[in-house]
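# Breakdown of the fold
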Amino acid sequence: MSDTPAPVPNPSDIPVLAPREGWHVLHLFYQIDHAQWACLTDEEKRQAKVGLTELVSEIRATPDTQLLLLAMASPKSDLGFILLTPDLQTANAYEKQITLSLGPDILNPVYSYLSITERSEYTPTREEHAAEVLIGQKGLAEGSPEFETALKEFDTRMAHYTKFRLYPALPDWPVICFYPMSKRRSGNDNWYSLPFVERRKLMEGHARVGRTYAGRILQMITGSTGLDEYEWGVTLLAKDTFDVKAIVYEMRFDEVSARYADFGDFYIGMQLPLDVLFRRLCL
Ligand code: 76R
């Protein structure tokens, strides 16, 4: 609202807190207090909505920053935001502004999650790909023109892949599924006491299942060890809730999930333009 002082995203005298690679990601879920909202005059309501609209535009105009707006699919939460931005100071300032954007006590936080985009530990290195796939499986001679071409293709593919993992450009697919997840650490099912080669083999199985959903499910995996309760945030983008249910179900049979995964609460939202979102939320 107009009389709420707006914190500046990150004044230039505060050092930037950007990870040395990747972006910070904040998932923010709110419930709307309709009793508080009803106390506002029509003019105050109009101003509140203009305020949030301007804030969304300002956030989206910030370099390297994305903001997804979600109508949440059950009374667990009404309104969700996913904010991706490098600097934690900026993320923090925007988060405070979002919370106050419709006026004090209108947006009540019900769940939130802090994580960082990350590259995968399990993707093959250039040397492994050359030895195992190009020489081992395809029988190419090291240094031959075919070998060099295939290695260049690998480099290009990996550059795209790593860029998307660390700096994803999220499409406007309507369905968003978010849940936090950890790998189990109990008794014989301790992911962290498995040797790397074993973990990599298991993750290859996971990725094989995942790839059968290409074009239907897009995953954004963000790491949160040391940052929040679980070890990863799983954000799935889809065009059909059927595919969300199908992939999560199918992965329950995959050893990585069946034996080693613990999950938090699930949040399902729909990406919508802000004006539609206001009407949806009866604001
Ligand atoms: O990034 C890649 O595409 C490479 C292969 C890959 C990795 C490294 C991959 C593929 N995933 C990776 C890592 Mn995933 N993923 C999940 C879940 O509900 C469940 O049972 C698990 C939640 C889903 C649905 C999913 C989907 N993945 C991870 C990690 C990090 C683990 C670590 O580092 O130890 C987690 C927590 C995780 C969880 N995965 C895919 C998918 C899909 C759809 C793919 C294919 C992506 C594609 O190739 O287009």
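From a predicted model like this one, the values you see are computed outputs, not experimental measurements. (Residues numbered from 1 in each chain as written. Predicted model: local features only at pLDDT ≥ 70, side-chain atom pairs only at ≥ 80, totals over all residues. Heavy atoms only, no water.)

Tracing the sequence through the fold places Leu100 in helix α3 (residues 88-100). Once the C-alpha coordinates of Leu100 and Ala48 are considered, the two residues, 52 residues apart in sequence, prove to be 9.5 Å apart. (Helix = DSSP H or I, 4+ residues; strand = E, 2+ residues; numbered from the N terminus.)

Right, let's get into the pairing of strand β2 (residues 66-74). Remark: a regular strand shows side chains that alternate across the two faces of the sheet. Summarising burial for β2: seven of the nine residues are buried, a large majority. Pairing of β2 with strand β3 (residues 77-85), which is carried by seven bridges, proceeds in the antiparallel orientation. Paired with Leu68 across the strands is Ile82, a residue of β3. Between β2 and β3, which pair antiparallel and follow one another directly, the connecting turn spans two residues. Bridge count between β2 and strand β11 (residues 267-271): three bridges; the pairing is antiparallel. Within β11, the residue paired with Leu70 across the bridge is Gln271. (Buried < 20%, exposed > 50% of the residue type's maximum accessible area, 1.4 Å probe, protein only. Pairing = 2+ DSSP bridges.)

Quick look at the packing of aromatic side chains now. When we look at a pair of aromatic rings, we describe it by the centre distance and by the angle of the planes. All chains considered together, the criterion is met by 14 aromatic pairs. Between Tyr249 and Phe253, the ring centres sit 5.1 Å apart and the planes meet at 80°, which makes this aromatic pair edge-to-face. Remark: Phe253 and Tyr249 occur in helix α7 (residues 241-253); sequence separation between them is four residues, near one turn of the helix. Comparing Tyr249 with Phe253 shows no difference in burial state: the two are exposed. Ring pairs connect the aromatic residues Phe29, Tyr111, Tyr113, Phe178 and Tyr267, which therefore count as one cluster. One Lys or Arg, Lys76, reaches over the ring of Tyr267 and ends 5.2 Å from the middle of that ring. One cation-aromatic arrangement involves Arg252 over Phe263; the distance from NZ or CZ to the ring centre is 4.3 Å. (Phe/Tyr/Trp six-rings, centres within 6.5 Å; stacked < 30°, edge-to-face > 60°. Lys NZ or Arg CZ within 6 Å of the ring centre and 35° of its normal.)

The next point concerns the site of the ligand. Taken together, 23 residues form the shell around the ligand, and within it Arg165, Tyr179, His206, Gln219 and Ser257 come nearest. Here an oxygen atom of the ligand and a side-chain polar atom of Tyr179 are 2.5 Å apart. Here a nitrogen atom of the ligand and a side-chain polar atom of Gln219 are 2.8 Å apart. If you list the elements that add at least two residues to the shell around the ligand, you get α5 (145-166), β5 (175-183), α6 (196-211), β8 (217-223), β9 (232-238) and α7. The greatest single-element share of the shell around the ligand, amounting to five residues, is contributed by α6. (Near = heavy atom within 4 Å. Polar contact = N/O pair within 3.5 Å; in protein donor to acceptor, adjacent residues only side chain to side chain.)

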